[in-house]
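Structural features, examined
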Amino acid sequence: MDPSPLNARRANEEDLTALEELWRQASLPWEQLGGFLQEFIVATDEEDHLVGAVGLLIEGDNALLHSEAIHPGVDADPVRMALWRRMQIVARNQGVTSIWTQEDAPYWQASGFDPAPAGLTTAITEAWQRYRTPIAVTEVHNGSTREEQLRWAAQVWDYLSLNILRSIMAEM
């Protein structure tokens, strides 16, 4: 049994004000948060104060863990642990088989997430900024083992999904 006094649950309308403040502190686009509230999982302390949140955008059997925000005065890893446990339950209940992320905290890497390679992220970002048109990545690390190709494909999907979400939120 986990001795942590943290609870994680799906965000609801009552969380919006506290979640917006948390996003302001994390320099995330808090103005559009209300429209995406149903994607978020929040962590609360013993007094039910919101101490952290993360988004889980579900598309079919894939999901993107995004927009992590944790209160500055709180130990982040126990919050991430509580959020991760709840995310796994939500994902399983929704039929998700793969979860990706661009979040780069050591906790997520220790949980099996790899960061996208810097060269790839730079090239895709430059192409998007220049053309503002859909981008198709058709060959990812061609010539390597199947497992490496799948890992690289997952990183591309993760990066593109996160940045498309950020672009949509920024343009709203």
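Residues numbered from 1 in each chain as written. Predicted model: local features only at pLDDT ≥ 70, side-chain atom pairs only at ≥ 80, totals over all residues. Heavy atoms only, no water.

1. Overview of the environment of A82
Its location among the elements puts A82 in helix α2 (residues 76-93). Residue classification places A82 among the buried residues on the basis of a relative accessible area of 3%. Spatially, the C-alpha atoms of A82 and A8 are 5.7 Å apart, while their sequence positions differ by 74 residues. (Helix = DSSP H or I, 4+ residues; strand = E, 2+ residues; numbered from the N terminus. Buried < 20%, exposed > 50% of the residue type's maximum accessible area, 1.4 Å probe, protein only.)

2. Some remarks on the packing of aromatic side chains
One pass over the structure, following the stated rule, counts three aromatic pairs. Ring geometry for W84 versus W108: centroids 6.0 Å apart, planes at 80 degrees, classification edge-to-face. Of this pair, W84 sits in helix α2 while W108 sits in helix α3 (residues 106-110), and the two are 24 residues apart along the sequence. Assigned by exposure class, W84 and W108 land together as buried. An aromatic cluster is defined as three or more aromatic residues linked by ring pairs; in this entry it consists of W84, Y107 and W108. (Phe/Tyr/Trp six-rings, centres within 6.5 Å; stacked < 30°, edge-to-face > 60°.)

3. Thoughts on the nonpolar core
Counting residues in hydrophobic clusters, the biggest one holds 23 residues, and the most contacted among them are L56, L65, W84, M87, I99 and W108. Elements with a minimum of two residues in this core: β2 (40-44), β3 (50-59), β4 (62-70), α2 and α3. Among the elements that take part in this core, α2 stands out by supplying seven residues, more than any other. Apart from residues no more than four positions distant in its own chain, L65 is found in contact with V54, G55, L56, W84, M87, I99, W100, T101, Q102, E103, W108 and F113. By size, the runner-up hydrophobic cluster in this structure holds 14 residues, among which are A11, L22, F36 and A53. (Core = buried A, V, L, I, M, F, W, Y, C linked by side-chain atoms within 4.5 Å. Contact = heavy atoms within 4.5 Å.)

4. Quick notes on the pairing of strand β5 (residues 98-101)
What you see with β5 is a clean split: I99 and T101 sit on the buried side and S98 and W100 on the side with no burial. Where β4 and β5 come together, four bridges link them in parallel fashion. Residue pairing in the sheet places N62 in a bridge with S98 of β5. Handedness of the β4-α2-β5 crossover: right-handed. (Pairing = 2+ DSSP bridges. Right-handed = clockwise from strand over helix to strand, strands pointing away.)

5. Considering the pattern of salt bridges
Using the criterion set out here, one finds four salt bridges in the structure. Note that R80 is salt-bridged to E68, the shortest N-O span being 2.7 Å. In this pair, R80 sits in helix α2 while E68 sits in strand β4, placing the two residues 12 residues apart along the sequence. E68 shares its class with R80; the two are buried. Measuring nitrogen to oxygen at the nearest pair gives 3.0 Å for the salt bridge that ties R80 to D77. (Salt bridge = Lys/Arg side-chain N within 4 Å of Asp/Glu carboxyl O.)

6. Remarks on helix α1 (residues 16-25)
Each α-helix turn comprises 3.6 residues. Residues three or four places apart therefore point the same way. Of all the residues in α1, the buried ones are L16, L19, E20, L22 and W23. Within α1, the buried residues cover an arc of 160 degrees as seen down the axis, which keeps them to one side. S27 sits one or two residues past α1 and shows a positive phi near 55 degrees. (Arc of directions from axis to C-beta.)

7. Looking at the side chain of E39
Structurally, the position occupied by E39 is in the loop between α1 and β2. No salt bridge is formed by the buried E39. Its closest oppositely charged neighbour is R10, at 8.6 Å. Engagement of the side chain of E39 in a polar contact is seen with the side chain of H66, the distance being 2.9 Å. With sequence-adjacent residues up to four places away left out, E39 is seen in contact with V54, G55, L56, L57 and H66. (Lys, Arg positive; Asp, Glu negative; His and termini not counted. Polar contact = N/O pair within 3.5 Å; in protein donor to acceptor, adjacent residues only side chain to side chain.)

8. Focus: the sheet that holds β4
Read from one edge of the open sheet, five strands run β1-β2-β3-β4-β5, paired in mixed fashion. Each having just a single partner strand, β1 (7-10) and β5 make up the two edges of the open sheet. Pairs of neighbouring strands in the sheet enclose a mean axial angle of 25 degrees, with direction left out of account. Across five bridges, β2 lies against β3 in antiparallel orientation. Across the sheet, the residue bridging to I41 is V54, located in β3. (Axes fitted to C-alpha atoms, helices over the stretch in contact; angles between N-to-C directions.)

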